[in-house]
Amino acid sequence: MDVARTVTRLGGIAHRSELAAQGLRPTALAHALRRGAVVRVRRDWVATIDCAPELTEAVRLGGRLSCVSAARHLGLWVLPDTRLHVALPPSASRAIHRADVALHWSHGIIPPAGRFAVDSIENSLYFVTRCRPHDEAVAAVDSALNKKLVRRGNLDALATRVGGTFARVVADADGRADSGLESLPRVRLARRGITMHPQAIVDGHAIDGLIGDRLLLQFDGDRFHSTPKARQRDREEDRWLALQGYTVLRFGTSDVLRDWPRAEAQIREAIAADLHLWPAARVRSLESPTRVIRARPSVV
């Protein structure tokens, strides 16, 4: 059995017990260590030579990668955090004092069912809800639901049992959001009593957020809206929707992450001017004014 390949399949780092469960003999592991095919990280832990540094460091500290570090490792939308977040059992030594490491002294809400370098998605999200502001935590849960890494029903059941901050975040989560750039505005506007429906389909166009009947919010991430072709497509879409009577407000990454008060003020000004509602004459002239608007189904 190829030891390095087996460790790679297990995520790039593995405990000796997990390798034994795969049928790997101790002699084969010892041989692989001597050859340098894998390296010892901590007593019974080995890793491939190209294993992600955050995984090996979490194991060296005696814990599991968790919270926003695990969320990022799993591809979830989270804001940058220079610290390494590690979950440690409550009985672990507390002699670790490092400014670049955030320690979570808990088993989480689901006790680990084995020796793994990365915490479960449920535990990672639980720690995110305790570690980050409400809107950022909702964005992480939205991302997990959107990527189908966790089921809504499972989260709801855990929220009922755990309660507190975790339950409040889960209650506000919506897996239809494609990005945290959509999740953050939705949560922030809800604080003001403004309901933004995520991922509506309006006249055949996918809209990041819909307020009322016709106020459309688009949030452009730098990754998918930076090319000339993408910007031209966005402008053409905005013109078409404007000609149909919709109000389109388009925001970029910096508007959401660094200048949100100004962006929110513009949205509230549009609502104050009734740009989210069809004029009465328009409503009377339409056979079914909401026919062209439908929301994407929620992620279950």
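Scoring rules and cut-offs
Residues numbered from 1 in each chain as written. Predicted model: local features only at pLDDT ≥ 70, side-chain atom pairs only at ≥ 80, totals over all residues. Heavy atoms only, no water. Pairing = 2+ DSSP bridges. Helix = DSSP H or I, 4+ residues; strand = E, 2+ residues; numbered from the N terminus. Axes fitted to C-alpha atoms, helices over the stretch in contact; angles between N-to-C directions. Contact = heavy atoms within 4.5 Å. Phe/Tyr/Trp six-rings, centres within 6.5 Å; stacked < 30°, edge-to-face > 60°. Buried < 20%, exposed > 50% of the residue type's maximum accessible area, 1.4 Å probe, protein only. Arc of directions from axis to C-beta.

A.B. asks: A description of the sheet that holds strand β4 (residues 64-65) should follow, citing residues and the corresponding values.
C.D. replies: Strand order across the open sheet formed by 3 strands is β4-β5-β6, with mixed pairing between neighbours. Bordering the open sheet on either side are β4 and β6 (101-105), each of which pairs with just one other strand. For β4 and strand β5 (residues 84-88), the ladder comprises 2 bridges, and the chain directions are antiparallel. Directly across from leucine 65, in β5, lies its bridge partner valine 86.

A.B. asks: Please provide a residue-by-residue account of the sheet that holds strand β2 (residues 38-42), values included.
C.D. replies: Across the sheet, which stays open at both edges, the 3 strands sit in the order β1-β3-β2 with antiparallel pairing between neighbours. Where the open sheet ends on each side, the last strands, each with one partner, are β1 (13-15) and β2. Geometrically, the sheet is characterised by an average inter-axis angle of 30 degrees between neighbouring strands, direction not taken into account. Sheet topology places β1 next to strand β3 (residues 45-48); 3 bridges connect them, and they run antiparallel. Across the sheet, residue alanine 14 finds its bridge partner in β3, namely valine 46. Packing against the sheet, helix α3 (residues 26-35) makes contact with β2 and β3, and its axis sits at approximately 100 degrees to β2. Seen against the sheet, helix α4 (residues 53-60) touches β1, β2 and β3 and runs at an angle of roughly 40 degrees to β2.

A.B. asks: So what's going on with the packing of aromatic side chains? Residues and values would help.
C.D. replies: If you walk through the whole model with that rule in mind, you get 4 aromatic pairs. Pairing tyrosine 126 with phenylalanine 166 gives two aromatic rings, centres 6.0 Å apart and planes at 65 degrees, and the pair type is edge-to-face. Here tyrosine 126 is found in helix α6 (residues 121-131), whereas its partner phenylalanine 166 is found in helix α9 (residues 164-172), with 40 residues between them in sequence. Phenylalanine 166 matches tyrosine 126 in its accessibility class, with the two residues each being buried. Plain terms: the ring middles of tyrosine 246 and tryptophan 278 are 5.1 Å apart, the flat faces sit at 65 degrees to each other, and that makes the pair edge-to-face. Here tyrosine 246, found in the loop between α11 (228-243) and β10 (247-252), pairs with tryptophan 278, found in the loop between α13 (260-272) and α14 (280-285); they are 32 residues apart in sequence, far enough to count as distant. On the basis of relative accessibility, which here comes to 9%, the residue tryptophan 278 falls in the buried class. Among the aromatic side chains, those forming a connected cluster through ring pairs are Tyr126, Phe127 and Phe166.

A.B. asks: Go over the environment of leucine 103 with me, naming the residues and quoting the values.
C.D. replies: For leucine 103, the position within the fold is in strand β6. Each residue touching leucine 103, except ones within four places of it in the same chain, is listed here: Val86, Leu88 and Ile96.

A.B. asks: Outline helix α8 (residues 152-162), supporting the account with residue identities and numerical values.
C.D. replies: If you check which residues of α8 are buried, you get Arg152, Leu155, Leu158 and Ala159. Along the axis of α8, the buried residues cluster in a sector spanning 130 degrees; they form a single face. Looking at α8, the residues exposed on the side facing more than 90 degrees away from the buried face are Thr160 and Arg161. Residues of α8 that are buried sit in contact with α6, α7 (134-146) and α9. Phi turns positive, to about 70 degrees, at glycine 163, one or two residues after α8.

A.B. asks: Any chance you could break down unusual backbone geometry for me, citing the residues and the numbers?
C.D. replies: With a phi angle near 30 degrees, arginine 43 is a residue other than glycine that sits in the positive phi range. For arginine 43, the position within the fold is in the loop between β2 and β3. Even without a glycine there, the phi angle at aspartate 274 is positive, about 60 degrees. Here aspartate 274 shows up in the loop between α13 and α14.

A.B. asks: How would you summarise the pairing of β6 if you had to cite specific residues and measurements?
C.D. replies: Of all the 5 residues making up β6, 4 are buried; the element is thus mostly covered by neighbouring parts of the structure. Pairing geometry for β5 and β6, over 5 bridges, is parallel. Bridging from a neighbouring strand, histidine 85 pairs with alanine 102 of β6.

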